[in-house]
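Each chain is listed here by its residues.
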Amino acid sequence: MSKPKVLISDKMDPNAARIFEERGCDVDVITGETPEELATRIGEYDGLAIRSSTKVTPAILDAATNLKVIGRAGIGVDNVDIPYASSKGVVVMNTPFGNSITTAEHAIAMIMALARQIPEANARTQAGEWPKSAFMGVEVTGKTLGLIGAGNIGSIVASRALGLKMKVVAYDPFLTEERAIELGVEKVDLDTLLSRADFVSLHTPLTDQTRNILSRERLENAKPGIRIVNCARGGLIDEAALKDLLESGQVAAAALDVFEQEPPASDHPLFSAPNFICTPHLGASTTEAQVNVALQVAEQMADYLVNGGVTNALNMPSLSAEEAPKLKPYMGLAEKLGSLVGQLAHGNLEKISIEREGHAAELNGKPITGAVLAGLMKCYSDTVNMVNAPYLAKERGMEVREVRNSHEGVYHTLVRVTVDTSQGPRSVAGTLFGNSAPRLVEIFGIGIEADLDGHMLYIVNEDAPGFIGRIGSLLGENGINIGNFNLGRRDAGGEAILLLSVDQPISADVIKQACALEGVKVVKALEF
Ligand SMILES: NC(=O)C1=CN([C@@H]2O[C@H](COP(=O)(O)OP(=O)(O)OC[C@H]3O[C@@H](n4cnc5c(N)ncnc54)[C@H](O)[C@@H]3O)[C@@H](O)[C@H]2O)C=CC1
Ligand SMILES: O=C(O)CCC(=O)C(=O)O
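The structure presented is a predicted model; accordingly, all values stated were derived computationally and were not measured.

What to know about the overall build of the chain
- The helix and strand inventory of the chain stands at 17 helices and 22 strands.
- Along the three orthogonal principal directions, the C-alpha set of the chain runs to about 110 × 45 × 35 Å.
- Put simply, of all contacts in the chain between residues at least 6 apart along the chain, 65% involve residues at least 24 apart.

Quick look at the structure:
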């Protein structure tokens, strides 16, 4: 098997390339390409490792015909079109903790730089002035820091600010009272935060809810003389309003590490505003953080490409490297059961239930569900995989239920897929023989044992003497060799099912001839 191929398209610590190679991937490091150049190249690669410069747009994803995983060496993934990547079946991963301390430290450095106007004092001193009386700073001790966003980075900023003897108030809709107490911060609403804070530091992702969270109106109504730090994302603050309010003195000072457009134009209006300082998106730029995120992203991506392990994916459930080999045969079984249901189903499937019984109930169910849905949806689209199948199912309005039943039944492990049809619920079930070989054991309440593999013929007929001979002769007359013959029936003389595996695809004409045989109710060619 050829090695997975990875492209590192942004500047990244060399440890990333080393880890990819050590873990069995071929790696190219090509940075600074235009989107058009990247689009021409990306089709060769199974993995794309990025920081914030590469923009993974629909055009790049359309050209990425082999891409399986995008790894962001860092936290924010707003440079990746995740819904589009999901629809293309591409896993998107980030490294949520590797640069948090570093970014929190940058925010604290910005707070201190604003409090004592260090950048401007430095520039003027080095320019030959001795402007001692021009710079009167403020202490941070006893001042109130307002944190907008109290996740990983916000929490670290809180702990450092408390160490500097600041009071910390936080606005974060997902912050619980218990967690606020644990962090030593006071949970408040946004207006209260802005009315009380001497310094504000932003630590949220850029989303529809957070875009422009520091709007002109909010800045105008904030505590006069407020100082603002943004080491999270451009777009959280109204930059034009910030300039006006720095000029009026309503905002005493502001420090931005991030801009709405990066890099900003050389004549960006804020560059001429008073008491404004900035850095070129350096929040994560320390040697420690860059080594952390490079190692982590390469390990996660290689684990996925080589072993199927999924860590820190934003569009797929996690699957550890230890779990992956145990789940692999189940995913094979689940995909075949999903495919069987998809091929046998008539019309729209609105509800599907995936039940795990016995040993299967002890496993991580999400990948099994993903695999059932992938098998099912493959009947409608050939670009479906475990990543995009749940999204496609949701798009089609399909209700997906997962059921766990830890009691062992007849089989030590079982996966059952049930769909609601116009004739009521219909189930298929399968087990693993020897914990590795997927085997169908039931169709629509009828016990049958079969390998779902290759070309197959599915027949429902009345259980009556002579039928097996008739179907055998018909296939023989059409030059079709039978590899395997599997039979099941509800009761003697009742409904029976035949599942044959054959050596070649079955034509529509043979299906027609089979339908004409006495006692036949349903005939379908199946492919696995
Ligand atoms: N400047 C830089 O180089 C870096 C910037 N970042 C940015 O920092 C951001 C925060 O990173 P983490 O703390 O690790 O993320 P996180 O996910 O741990 O925390 C984000 C917090 O924001 C909160 N939040 C979400 N919507 C909100 C809203 N409408 N109002 C208030 N709070 C809201 C969430 O509940 C969560 O607690 C990232 O999204 C990334 O964009 C991260 C690393 C480096
Ligand atoms: O990779 C970088 O330098 C930026 C880091 C960042 O913004 C993030 O991790 O969200």
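On we go from here.
A few points about the domain arrangement of the chain
- Structurally, the chain comprises domain 1 (5-97 + 289-307), domain 2 (100-278), domain 3 (322-444) and domain 4 (453-528).
- Distance from the C-alpha centre of domain 1 to the C-alpha centre of domain 3: 30 Å.
- Counting from both sides, the interface comprises seven residues of domain 1 and, opposite them, seven residues of domain 3.
- A breakdown of the residues in the side of domain 1 that touches domain 3 according to their chemical character gives two nonpolar, four polar and one charged.

Quick notes on the site of ligand 1
- Gly-76, Gly-149, Gly-151, Pro-205 and Gly-283 are the nearest of the 32 residues found near ligand 1.
- Taken together, the elements giving at least two residues each to the shell around ligand 1 come down to α5 (100-116) and α7 (152-163).
- No other element matches the three residues that α7 contributes to the shell around ligand 1.
- A class-by-class count of the residues in the shell around ligand 1 yields 13 nonpolar, 16 polar and three charged.
- Residues lining the shell around ligand 1 come from more than one domain, with at least three contributed by each of domain 1 (5-97 + 289-307) and domain 2 (100-278).

Description of the sheet that holds strand β17 (residues 437-443)
- Across the sheet, six strands lie side by side as β14-β13-β15-β16-β17-β18; this open sheet has mixed pairing. Each of the sheet's edge strands pairs with one partner strand only, and the pair in question is β14 (399-405) and β18 (446-450). Pairs of neighbouring strands in the sheet enclose a mean axial angle of 20 degrees, with direction left out of account.
- In this structure, strand β16 (residues 424-433) lies alongside β17, joined through six bridges in antiparallel fashion.

As for the packing of helix α13 (residues 323-344) against helix α14 (residues 365-377)
- The interhelical angle for the contact between α13 and α14, taken along N-to-C directions, is 35 degrees, at an axis separation of 6 Å. Of the two possible hands of crossing, α13 and α14 adopt the one that is right-handed. Contacts from Leu-327, Tyr-330, Met-331, Ala-334, Glu-335, Lys-336, Leu-337, Gly-338, Ser-339, Val-341 and Gly-342 in α13 reach Pro-367, Ile-368, Ala-371, Val-372, Leu-373, Ala-374, Gly-375 and Leu-376 in α14.
- Of the residues contributing to the contact of α13 with α14, the split by class is 13 nonpolar, four polar and two charged.

Considerations on the pairing of strand β6 (residues 144-148)
- Burial within β6 is extensive, with four of its five residues counted as buried.
- Alignment of β6 against strand β9 (residues 199-202), held across four bridges, turns out to be parallel. Bridging from a neighbouring strand, Ile-148 pairs with Leu-202 of β9.

Things to note about unusual backbone geometry
- A cis amide bond, omega -10 degrees, links Glu-262 with the succeeding residue Pro-263.
- Within the element layout of this structure, Pro-263 appears in the loop between β11 (251-256) and β12 (276-278).
- Phi is positive for Lys-165, close to 65 degrees, though the residue is something other than glycine.
- Position of Lys-165 relative to the elements: it lies in the loop between α7 and β7 (167-171).
- Lys-165 sits in the exposed class, given 11 other C-beta atoms within 10 Å.
- Despite not being glycine, Phe-444 shows a phi value in the positive range, around 45 degrees.
- Tracing the chain through its elements places Phe-444 in the loop between β17 and β18.

Description of the sheet that holds strand β21 (residues 495-502)
- In space, the four strands of this open sheet follow the order β20-β21-β19-β22, with antiparallel pairing throughout. The open sheet has two edge strands with one neighbour each: β20 (482-489) and β22 (520-527). Here the average twist between neighbouring strands, direction ignored, is 15 degrees.
- Relative to β21, β20 runs antiparallel, the two being bridged by seven bridges. Looking across to β21, one finds that Asn-484 is bridged to Ser-501.

With respect to the nonpolar core
- Ala-16, Ala-49, Met-301 and Val-415 are the most contacted members of the largest nonpolar core, which has 93 residues in total.
- Per element, the largest residue contribution to this core is nine residues, and it comes from helix α12 (residues 287-307).
- Non-local contacts of Ala-49, meaning those with residues more than four positions away in its chain, are made with Val-6, Ile-8, Met-12, Ala-16, Gly-71, Ala-73, Val-297, Ala-298 and Met-301.

A word on the site of ligand 2
- Every residue lining ligand 2 is accounted for by Arg-51, Ser-52, Gly-74, Ile-75, Gly-76, Asn-99, His-281, Gly-283, Ala-284 and Ser-285.
- Classifying every residue of the shell around ligand 2 gives two nonpolar, seven polar and one charged.

Some details on the confidence of the model for the chain
- Per-chain confidence: the chain averages 95 in pLDDT, with 100% of residues scoring 70 or above.
- Prediction confidence for the complex, expressed as pTM and ipTM, is 0.81 and 0.99 respectively.

A few points about the pairing of β18
- Direction of pairing for β17 relative to β18: antiparallel, over a ladder of three bridges. Looking at β18, one finds that Ile-443 is bridged to Ile-446.
- Linking two consecutive strands that pair antiparallel, namely β17 and β18, is a turn of two residues; a positive phi of about 45 degrees is found at Phe-444 within it.

Digging into the packing of helix α1 (residues 15-22) against α12
- Direction vectors running N to C along α1 and α12 enclose 25 degrees, while the axes themselves pass 8 Å from each other. Classified by the angle their axes make, α1 and α12 are roughly parallel. Here α1 and α12 pass one another in a crossing that is right-handed. Between α1 and α12, the residues in contact are Asn-15, Ala-16, Ile-19 and Phe-20 and Val-291, Ala-294, Leu-295, Val-297, Ala-298, Glu-299 and Ala-302, respectively.
- The residue inventory of the contact of α1 with α12, partitioned by class, reads nine nonpolar, one polar and one charged.

Rules used throughout
- Residues numbered from 1 in each chain as written.
- Chains lettered and ligands numbered in written order.
- Predicted model: local features only at pLDDT ≥ 70, side-chain atom pairs only at ≥ 80, totals over all residues.
- Helix = DSSP H or I, 4+ residues; strand = E, 2+ residues; numbered from the N terminus.
- Contact = placed C-beta atoms within 7 Å.
- Domains from an automatic or database assignment.
- Nonpolar A, V, L, I, M, F, W, Y, C, P; charged D, E, K, R; others polar.
- Near = placed C-beta within 6 Å.
- Pairing = 2+ DSSP bridges.
- Axes fitted to C-alpha atoms, helices over the stretch in contact; angles between N-to-C directions.
- Left-handed = near helix turned anticlockwise from the far one by under 90°.
- Buried ≥ 20, exposed ≤ 12 C-beta atoms within 10 Å, placed from the backbone.
- Core = buried A, V, L, I, M, F, W, Y, C linked by C-beta atoms within 7 Å.
- pLDDT = per-residue confidence, 0-100.
- Parallel < 35°, antiparallel > 145°, perpendicular 65-115°, else oblique.

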